[in-house]
Amino acid sequence: MPVAPSPARPIAVQILIAGRWIAGQELGRRTGTTGADEVLVSHHGHLVWVDQRSVRES
């Protein structure tokens with residue numbers, strides 16, 4: 001899976017989880033195994049790949 005280079009500085013984003021928007025920081029992007037675009041997000045030190053459609057800039 002190709003991963004896009006990390007931004008020079010983390011980008012403040014909001015992630016939609018269980019119907020609520022929570023704050024996080026975008027650290028990178030990739031195309032997942034299913035072909036969907038994903039965003040690597042940090043939330044209080046926890047890293048998770050999230051579908052791009054569930055992420056918005058804050």
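Look up a bit, the structure's there.
Remember, predicted model here, so these are calculated numbers, not experimental data.

To continue, consider the overall build of the protein chain. Scanning the protein chain from terminus to terminus reveals 0 helices and 6 strands. Reading the protein chain from its N end, one meets helices and strands in the order β-β-β-β-β-β. Looking at the protein chain residue by residue over its 58 residues, the buried ones come to 24%. As displayed, the protein chain has an accessible area near 4,100 Å², and 53% of this comes from carbon and sulfur atoms.

Our focus in this paragraph is the packing of aromatic side chains. Within the structure shown, the criterion is met by 0 aromatic pairs. Residue placement shows arginine 30 over the ring face of tryptophan 49; its charged tip is 4.0 Å from the ring centre. A cation over a ring is seen here: arginine 56 above tryptophan 21, with NZ or CZ 3.9 Å from the ring centre.

Counting 6 residues, the largest nonpolar core consists of Val13, Ile15, Val39, Val41, Val50 and Val55. Going through the elements one at a time, strand E2 (11-17) and strand E4 (37-43) are the ones with two or more residues in this core. For valine 41, the residues in contact, after removing those within four places along its chain, are Val13, Ile15, Gly24, Gln25, His46, Leu47, Val48 and Val50.

The rules we used
- Residues numbered from 1 in each chain as written.
- Predicted model: local features only at pLDDT ≥ 70, side-chain atom pairs only at ≥ 80, totals over all residues.
- Heavy atoms only, no water.
- Helix = DSSP H or I, 4+ residues; strand = E, 2+ residues; numbered from the N terminus.
- Buried < 20%, exposed > 50% of the residue type's maximum accessible area, 1.4 Å probe, protein only.
- Areas by Shrake-Rupley, 256 points an atom, 1.4 Å probe, with all protein chains shown as cover.
- Phe/Tyr/Trp six-rings, centres within 6.5 Å; stacked < 30°, edge-to-face > 60°.
- Lys NZ or Arg CZ within 6 Å of the ring centre and 35° of its normal.
- Core = buried A, V, L, I, M, F, W, Y, C linked by side-chain atoms within 4.5 Å.
- Contact = heavy atoms within 4.5 Å.

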